[in-house]
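Chains, contacts and geometry: an overview
Residues per chain, in single letters:
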Amino acid sequence: MDFTTFAKPSTVDTNNDKSNSDLHFWKHVEYIENHGKDQDDFEYCMTEFLRMSGIYWGVTALDIMNQLDRLDRKSIIDFIRRCQCPVTGGFAPCEGHDPHMLYTLSAIQILCIYDALNEIDCEAVVRYVSGLQQFDGSFFGDKWGEVDTRFSFCAVAILTLLGRMEGTINVERAVKFVMSCCNQTDGGFGSKPGAESHAGLIYCCVGFLSLTQSLHLLDIDKLGWWLCERQLTSGGLNGRPEKLPDVCYSWWVLSSLTIMGRLHWISADKLKEFILSCQDNETGGFADRTGNLPDIFHTLFGIGALSLLGFEGLKPINPTLCMPQYVIDRLGIKPQILPKP
Amino acid sequence: MSDSDSDDWSEEWIPYSQRAEWADVVPLAQDDGERPIVAIAYSPKFREVFDYFRAIIAHKEKSPRALELTADALQLNPANYTVWQYRRDILRALGSDLYEELDYLEEVIRDNAKNYQVWHHRRVIVEMLNNPSKELELTEVALERDNKNYHAWQHRQWAIKAFDLYENELTFVDRLIAEDIRNNSAWNQRFFVLKHFGLTPEVVQREIQYTMNRIRVVKNNESAWNYLGGILRHGDHGTVNRNVEVISFCEELYASGVRSPYLLAFLIDLYKEQCLQQTNEADAEVLSKKVYNLCSDMSKNHDVVRRKYWQYVADQLKLKLSEK
Ligand SMILES: [Zn+2]
């Protein structure tokens, strides 16, 4: 992902890492800010189809680190405006691409962080999202008709952020569809009815239920136990049984447990250790697991997970929407979160 | 990532700008606003192909040469969903032979088995043909390479559901579980198939035997224990404690010294349910003691990391008993 065009000249002394002996704070800031700068633009082209999400990952991570002012708000908002499809109202990941639910959510998330929803046609977005709901309550990701619980989450997240959940979609059917993807064997969720439970999709479904105030439908103890079982001896969490631990799955499991009020069921210290071990202490950024190359996606989820664990020097993050909590408060949104028992 | 451009400009690949049949097309460079005009070291091929792709999209050209161009573009970046969508538009417009498209996709999927777009494209083509005859084999090959590939399993479930291909699926699942007894995806598929046929009491009984036999082989198998719980709860209105055979199976394992957290978790569930159903106070007391002891054993010895969960389970039972 390339932030070159969005980065402002650096003003902060980056040799200030002593206060954060275990988190390479300034290295990560630099990594996000400079991402793509030192590279030829091969990767820039390869990731064009998800650029909007890339910007969301970087903007959110920097805001959590209280360094949002390093990016140029205006050029990012201009970019987003150019990506709104004038016909459908949805957002493309980048100019010249087709709109999709995934990038529409990323665009709305960035605009909310910048308090700039007034810059785009929100009504068109509402029409786009509600138009993708199917009779059974599920959502298409775009007009091509792929159904996935990820898109159910995106739909209600977008509408919640726009304050337009009421009367725009059939919430009851949407909830029914998501619950039809719950597996009797382990209490988890997959992408569709009958599909295997998967931590990323569990996050989408638990997040969906949090946004629709329906967490009472969950078998908290059963799902909670399955989610805690994702923690391996390394401290990291995996997404399914017998898979390797991964920083992004750590976020998905951790945020789901947080929404369910069960964060304390896993070992926070061991998880912290694992996440910090995935930092690249030369270039900055987080990798999926220890020793691998960092990327911006895992960098957000590393920082986000540390924030959920109460890491010092990071702003609190909202587990449901993966955005800074102060933004959610400013919007007056209250995703359901269960209390610790 | 950048190693994929190592064979650029190889002999067999002729740049579009040098092909007579493309002479009428003016490539359309990306207008990225302030995009830095740095030396383009990455891939001239990449840039050229996508510049021509933008040009054909701009002209809404749907021709055999445009179809070929999308294949070039997808070889360079199979995750670019806009190219896939345009390819479908061309296929429809040309009325192309979709069986050829299936052959093409077989190759693409072999190299990109974890890509959302390729699988979605495959599904759309199969739907257009209304012919799923190659899907089981295709996914079988993908699962031979990675037996937990989520995309392959999703596609397989879709084909089975959409075209009623359940008939031999249990045999396939059996084989996969035999090959890798901890394959959670295969256990999930087993549940998927049986739910379709109906979990009658006979089927439940057979599945209990099947699962117990697998647990005898590998005791600490999360997937098998979850499956056993799912099957029992399905048959017994949400509880796991009514099957005498399962109870003695678990107690024998425990007595023989097995301390798998999954076994202990299962016993805790079982005794907890029995305890709460018990009307005789003394018996309930004995059962609750069993639960507390197992929970404490878990939190101190077998599952220390999740000790707070086990404390919670014990506390919950205490709370429920006090409310009784
Ligand atoms: Zn990951």
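Residues numbered from 1 in each chain as written. Chains lettered and ligands numbered in written order. Predicted model: local features only at pLDDT ≥ 70, side-chain atom pairs only at ≥ 80, totals over all residues. Heavy atoms only, no water.

Heads up, the condition is: UniProt positions are given in the numbering used here, feature names are shortened, and annotations may be inferred rather than shown by experiment.
Under an unreviewed UniProt entry, the name given to chain B is Protein farnesyltransferase/geranylgeranyltransferase type-1 subunit alpha, and the organism recorded is Ceratitis capitata. As its UniProt record puts it under Sequence similarities (unreviewed entry), chain B is described as follows: "Belongs to the protein prenyltransferase subunit alpha family."

Taking an unreviewed UniProt entry as the reference, chain A is identified by name as Geranylgeranyl transferase type-2 subunit beta belonging to Ceratitis capitata. Of the comments in the UniProt record for chain A, the one headed Catalytic activity (unreviewed entry) reads "geranylgeranyl diphosphate + L-cysteinyl-[protein] = S-geranylgeranyl-L-cysteinyl-[protein] + diphosphate". Under the UniProt heading Sequence similarities (unreviewed entry), the note attached to chain A is "Belongs to the protein prenyltransferase subunit beta family."

Observations regarding the packing of aromatic side chains
Basically, it comes down to this: Stacked, edge-to-face and tilted are the three classes for Phe, Tyr and Trp ring pairs, Trp counted by its six-membered ring, which pair at centre distances within 6.5 Å; planes under 30 degrees apart are stacked, over 60 edge-to-face, the rest tilted. The helix count covers DSSP runs of H or I at least four residues long, the strand count covers runs of E at least two residues long, and both are numbered beginning at the N terminus. Relative accessibility thresholds used throughout: buried, under 20% of the residue-type maximum; exposed, over 50%; partly exposed, between the two (1.4 Å probe, protein chains only). Charge-over-ring contacts are defined here by two conditions on Lys NZ or Arg CZ: a distance within 6 Å of the ring centre and an angle within 35 degrees of the ring normal.
One pass over the structure, following the stated rule, counts 31 aromatic pairs over all chains. Seen from their ring centres, Tyr249 of chain A and Trp252 of chain A are 5.3 Å apart, and the 70 degrees between their planes marks the pair as edge-to-face. Separated by three residues within a single helix, Tyr249 of chain A and Trp252 of chain A lie in helix H11 (residues 247–259), roughly one turn from each other. Judged by its relative accessible area of 19%, Tyr249 of chain A falls in the buried class. Grouped by ring-pair contacts, the aromatic residues Trp57, Phe153, Tyr203, Tyr249, Trp251, Trp252, Phe297 and Phe301 of chain A constitute a single cluster. Over the ring of Tyr292 of chain B we find Lys318 of chain B; its NZ or CZ atom is 4.9 Å from the centre of that ring.

Observations concerning the pattern of salt bridges
Condition: The salt bridge criterion pairs a side-chain nitrogen of Lys or Arg with a carboxyl oxygen of Asp or Glu, the two atoms within 4 Å.
Enumeration according to the criterion identifies 32 salt bridges over all chains in this entry. Residues joined by salt bridges that share partners form a network here, namely Asp174, Arg190, Arg206 and Glu207 of chain B.

Topic: the interface of chain B and chain A
Threshold: Contacts were defined at the residue level, with two residues in contact if any of their heavy atoms lie within 4.5 Å. By buried area we mean how much accessible surface two parts lose on assembly, using a 1.4 Å probe and totalling the loss over both. For this analysis, a polar contact is any N or O atom pair within 3.5 Å, provided that within protein one partner can donate a hydrogen and the other can accept it, and provided that sequence-adjacent residues contribute only side-chain to side-chain pairs.
On the side of chain A, 59 residues touch chain B, which itself brings 59 residues to the contact. Between chain B and chain A, the buried area comes to about 5300 Å², and carbon and sulfur atoms account for 52% of it. Contact with chain A buries surface across chain B, with Tyr81, Tyr150 and Arg306 of chain B losing the most and accounting together for 13% of the total. Taken together, the links from chain B to chain A amount to three salt bridges. Residue Arg182 of chain B pairs with Glu242 of chain A through a salt bridge whose shortest N-O separation is 3.8 Å. Taken together, the connections running from chain B to chain A amount to 26 residue pairs in polar contact (both at pLDDT 80 or more). Among the secondary structure elements, those contributing two or more residues to the side of chain B that touches chain A are helix H1 (44–58), helix H3 (81–94), helix H5 (116–129), helix H7 (150–163), helix H9 (184–197), helix H11 (222–235), helix H13 (261–277) and helix H15 (307–323) of chain B. With seven residues, H11 of chain B is the largest single contributor of residues to the side of chain B that touches chain A.

Considerations on empty space enclosed by the protein
The following threshold applies: Method remark: on a 1 Å grid restricted to protein atoms, a set of points is classed as a cavity if a 1.4 Å probe fits but cannot get out and as a pocket if it is open with protein on both sides within 12 Å along at least five of seven lines; lining residues have an atom within 4 Å of a point. Grid points are joined across faces, edges and corners, and a volume is the space filled by probe spheres set on the points. Note that Gly is not counted as nonpolar here; it falls among the polar residues with everything else outside the nonpolar set of Ala, Val, Leu, Ile, Met, Phe, Trp, Tyr, Cys and Pro and the charged set of Asp, Glu, Lys and Arg.
This model, assessed by the stated rule, comprises five cavities of 30 Å³ or more. Each pocket or cavity is described by its volume, and for the largest cavity that value is around 160 Å³. Lining the largest cavity we find Glu146 and Lys192 of chain A together with Tyr116, Trp119, His120, Arg123, His151, Gln154, His155 and Trp158 of chain B. At the level of secondary structure, the elements contributing two or more residues to the lining of the largest cavity comprise H5 and H7 of chain B. Tallied by class, residues from the lining of the largest cavity come to three nonpolar, four polar and three charged.

Describing the nonpolar core
Applicable threshold: Working definition of a nonpolar core: buried Ala, Val, Leu, Ile, Met, Phe, Trp, Tyr and Cys residues. They are joined through side-chain atoms within 4.5 Å. Boundaries of every domain are those given by an automatic assignment or by a domain database.
Of all hydrophobic cores here, the largest spans 215 residues; its most connected members are Ile108 of chain A together with Trp225 of chain B. Per-element accounting of this core gives the leading share, ten residues, to H13 of chain B. If you count residues domain by domain, this core takes at least three from each of domain 1 (1–76) and domain 2 (97–164) of chain B. Those residues in contact with Trp225 of chain B, other than ones at most four positions away along the chain, are Ile215, Lys219, Phe249, Cys250, Leu253, Ser260, Tyr262, Leu263 and Phe266 of chain B.

Describing the environment of Ala255 of chain B
Mapped onto the elements, Ala255 of chain B comes out in helix H12 (residues 244–255). With relative accessibility at 66%, the residue Ala255 of chain B sits in the exposed group.

Brief notes about unusual backbone geometry
All names here are of chain A. At Cys322, a residue that is not glycine, the phi angle is positive and equals roughly 50 degrees. Looking at the element boundaries, Cys322 is found in the loop between strand E1 (317–318) and strand E2 (323–324). Judged by relative accessible area, which is 3%, Cys322 ranks as buried.

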